[in-house]
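Chain residues, written in single-letter form:
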Protein chains: 2
Amino acid sequence: MREVRVLEIKQSVFADNDRQAELLRQELKEKGVFLLNLMSSPGSGKTTTLLRTIEMLKDKFKIGVMEADIDSDVDARAISESGAKVIQLHTGGMCHLDAEMTRQGLAGLETGDVELAVLENVGNLVCPAEFDTGASRNAMILSVPEGHDKPLKYPLMFSVCDVVLINKTDVLPYFDFDMEKCREYIHMRNPEAKVIPVCARTGEGMAEWVEWLEKEAADWRKHKTE
Amino acid sequence: MREVRVLEIKQSVFADNDRQAELLRQELKEKGVFLLNLMSSPGSGKTTTLLRTIEMLKDKFKIGVMEADIDSDVDARAISESGAKVIQLHTGGMCHLDAEMTRQGLAGLETGDVELAVLENVGNLVCPAEFDTGASRNAMILSVPEGHDKPLKYPLMFSVCDVVLINKTDVLPYFDFDMEKCREYIHMRNPEAKVIPVCARTGEGMAEWVEWLEKEAADWRKHKTE
């Protein structure tokens, strides 16, 4: 596998994260960079989903990926094989990224020609939900083995996401997972959230997800490309 | 289902968590209370594992359970059916419990006659590992669908645990999970960690886990019971 660049992220000096996030979002809009903040529990399939998404969108957008992890670079190595631009962000034990840390990551990635940037956030359903990264849109992945009750237990995460992918639908027969209940619980937290069942491994449902992402990114970049 | 008591946990006033944890651990030892701190990702099966553990040990120990969650009381309701004493702890958005918060929980549980107390920590592989709760032993559950690479990505969690249960072994045929690699990665982080593959749903491997727990709790309580 290729060598990947690793950036050690420093703690933010800004107390007003919401303001920093708004500034970053505005800057990205002006530059025509759509930034997706991808969140989930550890092991829900963020990297596999991302690999297939890149495969399906790489002819339409120049893609850049920031892989945030406390340690290791296994995900960044996997992504580097896809042809997307990638950088590994090490958070130094921190459980989330805020807007200033995301800004450091974007600078490390060198977004010059990037049109669609993805931040694969630290695997955690609690802390990343509390910090606006400045992303254009928030997405999360809930995988079938985790159970349909998670929106009841991690309310903030579901309420801040524009889209929820329910991944690993290929193993539905082996788990007590109620898709309708899951949709209901998600919409209790966030009536506007789009819910898309997918299987990143088999590709099931991925077309609907990619269509959503493509439209959101194109709309975001409209004023730039017009 | 029964009504369960809910305790809203307050933020700690102590800066020296390690000292508070050591004090609590000593107090629990003197009272003959063994406290297990049970950690994992969301959806790895903490509650199901705990239900079966209670079933297997309820004639040997008086058991008390603290269910820590950001919101909801679904787990505490499930545990209350087992006959164990239970209290739901709401962390008010906080992503972990420290020693003082655990002390609040134990006071709420009223540990008078409890011999084996379990803290089901917030589902999170990052923050709970950073705070000593004062527990006698730390346990974590990694479930097969999460993948065998997790010790590479969440090093601290694996290094602080005395025992790692690898849960949901019944779905091993449907996932690319390498048990030997997983053991190897865990032991890279923590050569002393005991690794026990289990399936809380079918009961496979649970005897070995319960035997470990029973011995640890009995040893802890020895000076009290002699």
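All figures in this text were calculated on a predicted structure; none of them were measured in a lab.

A. How the structure looks around the pattern of salt bridges. All names here are of chain A. Here the structure, examined in full by the defined rule, presents 38 salt bridges over all chains. Ionic pairing is found between Glu208 and Lys194, a salt bridge with its closest N-O pair at 3.4 Å. Note that Glu208 is positioned in helix H8 (residues 206-225) and Lys194 in strand E8 (residues 194-197), a separation of 14 residues in sequence. Members of the salt-bridge network, linked through shared partners, are Glu22, Arg25 and Asp132.

B. Geometry of the packing of helix H1 (residues 17-31) of chain A against helix H4 (residues 99-109) of chain A. Residue and element names in this part refer to chain A. At a minimum axis separation of 8 Å, H1 and H4 run at an interaxial angle of 35 degrees. Judged by residue contacts, Asn17, Gln20, Ala21, Leu23, Leu24, Glu27 and Leu28 of H1 engage Ala99, Glu100, Thr102, Arg103 and Leu106 from H4. Here the contact of H1 with H4 is composed, by residue class, of six nonpolar, three polar and three charged.

C. Molecular detail of the side chain of Asn138 of chain B. Residues and elements named next belong to chain B. Turning to its location among the elements, Asn138 is positioned in strand E6 (residues 137-143). On the basis of relative accessible area, Asn138 is assigned to the buried category, the value being 19%. Excluding residues within four positions of it along the chain, Asn138 makes contact with Asn37, Met39, Val160, Cys161, Asp162 and Val163.

D. Quick peek at the sheet that holds strand E3 (residues 63-69) of chain B. All names here are of chain B. The parallel open sheet is built from eight strands, whose spatial order is E1-E4-E3-E5-E2-E6-E7-E8. Each edge of the open sheet is held by one strand with a lone partner, namely strand E1 (6-8) and strand E8 (194-197). Geometrically, the sheet is characterised by an average inter-axis angle of 20 degrees between neighbouring strands, direction not taken into account. Pairing of E1 with strand E4 (residues 85-90) involves three bridges; the strand directions are parallel. Bridging from a neighbouring strand, Val6 pairs with Gln88 of E4. Sitting on the sheet, helix H2 (residues 46-57) touches strand E2 (34-40), E3, strand E5 (116-120), E6 and strand E7 (163-167), and the angle it makes with E3 is about 175 degrees. Those strands touched by helix H7 (residues 179-189) are E6, E7 and E8, and its axis lies near 155 degrees from that of E8.

E. Representation of helix H1 (residues 17-31) of chain B. All names here are of chain B. Along its 15 residues, H1 runs 21 Å from first to last C-alpha, staying within 8% of the 21 Å computed at 1.5 Å per residue. Those residues of H1 lying buried are Asn17, Gln20, Ala21, Leu24, Arg25 and Leu28. Here the buried residues of H1 occupy an arc of 135 degrees about the axis, which is enough to place them on one side. Turned more than 90 degrees off the buried face of H1, the exposed positions are Asp18, Arg19 and Glu30. Directly after H1, the chain includes Gly32, whose backbone phi takes a positive value near 75 degrees.

F. Main features of the relation of the copies chain A and chain B. After a rotation of 180 degrees and a shift along the axis of 0.0 Å, chain A superposes on chain B with an RMSD of 0.0 Å. Such a combination of rotation and displacement between the chain copies is what one expects of a two-fold axis. Closest approach to the rotation axis within chain A is made by the C-alpha atom of Asn124 of chain A, at a distance of 2.9 Å.

G. Spotlight on the pairing of E8 of chain B. Residues and elements named next belong to chain B. Where E7 and E8 come together, four bridges link them in parallel fashion. Bridge pairing links Val163 to Lys194 in E8. Considered for its hand, the β-α-β crossover made up of E7, H7 and E8 is right-handed.

H. Molecular detail of empty space enclosed by the protein. Here the structure, examined in full by the defined rule, presents five cavities of 30 Å³ or more. The computed volume of the largest cavity comes to approximately 40 Å³. In terms of lining, the largest cavity is formed by Pro42, Gly43, Ser44, Ser143, Pro145, Glu146 and Lys168 of chain A together with Pro42, Gly43, Ser143, Pro145 and Glu146 of chain B. Looking at the lining of the largest cavity residue by residue, the classes come out as four nonpolar, five polar and three charged.

I. Quick peek at the environment of Ala200 of chain A. All names here are of chain A. Take Ala200: it is sitting in the loop between E8 and H8. Classification of Ala200 as buried rests on a relative accessible area of 4%. Along the primary structure Ala200 and Lys46 are separated by 154 residues, whereas in three dimensions their C-alpha atoms are 9.0 Å apart. The contact partners of Ala200, leaving out residues within four places of it in the chain, are Thr48, Thr49, Arg52, Asn167 and Met206.

J. Representation of the packing of aromatic side chains. Residue and element names in this part refer to chain A. All chains considered together, the criterion is met by six aromatic pairs over all chains. Ring centres of Phe34 and Trp220 lie 6.2 Å apart, and the angle between their planes is 80 degrees; on these two criteria the pair is classed as edge-to-face. Taken together, the residues span a long stretch of sequence, with Phe34 in strand E2 (residues 34-40) and Trp220 in helix H8 at a distance of 186 residues. Exposure class is identical for Phe34 and Trp220. Each is buried.

K. Here's a closer look at the confidence of the model for chain A. Considering every residue of chain A, the mean pLDDT works out to 93; 98% of them sit at 70 or more. ipTM for the predicted complex: 0.86, alongside a pTM of 0.91.

L. Fine view of unusual backbone geometry. Residue and element names in this part refer to chain B. Look at Ser72: it is not a glycine, yet its phi comes out positive at around 75 degrees. With respect to the helices, strands and loops of the structure, Ser72 is situated in the loop between E3 and helix H3 (74-80). Ser72 sits in the buried class, given a relative accessible area of 13%. The backbone of Lys168 shows a phi angle near 65 degrees, a positive value even though the residue is not glycine. Structurally, Lys168 is set in the loop between E7 and H7.

M. Structural context of the environment of Gln11 of chain B. Tracing the chain through its elements places Gln11 of chain B in the loop between E1 and H1. With 87 residues separating them in the primary sequence, Gln11 of chain B and Asp98 of chain B have C-alpha atoms 9.2 Å apart.

N. Representation of the pairing of strand E3 (residues 63-69) of chain A. Of all seven residues in E3 of chain A, seven are buried, a share of seventy percent or more. Crossover handedness for the path E3 of chain A to helix H3 (residues 74-80) of chain A to strand E4 (residues 85-90) of chain A: right-handed.

Definitions and limits used
Residues numbered from 1 in each chain as written. Chains lettered and ligands numbered in written order. Predicted model: local features only at pLDDT ≥ 70, side-chain atom pairs only at ≥ 80, totals over all residues. Heavy atoms only, no water. Salt bridge = Lys/Arg side-chain N within 4 Å of Asp/Glu carboxyl O. Helix = DSSP H or I, 4+ residues; strand = E, 2+ residues; numbered from the N terminus. Axes fitted to C-alpha atoms, helices over the stretch in contact; angles between N-to-C directions. Contact = heavy atoms within 4.5 Å. Nonpolar A, V, L, I, M, F, W, Y, C, P; charged D, E, K, R; others polar. Buried < 20%, exposed > 50% of the residue type's maximum accessible area, 1.4 Å probe, protein only. Pairing = 2+ DSSP bridges. Expected span 1.5 Å × (residues − 1). Arc of directions from axis to C-beta. Least-squares fit on C-alpha atoms with pLDDT ≥ 70 in both. Right-handed = clockwise from strand over helix to strand, strands pointing away. 1 Å grid on protein atoms, 1.4 Å probe; cavity = no way out; pocket = protein on both sides within 12 Å on 5 of 7 lines; lining within 4 Å. Points joined across faces, edges and corners; volume = space filled by probe spheres on them. Phe/Tyr/Trp six-rings, centres within 6.5 Å; stacked < 30°, edge-to-face > 60°. pLDDT = per-residue confidence, 0-100.

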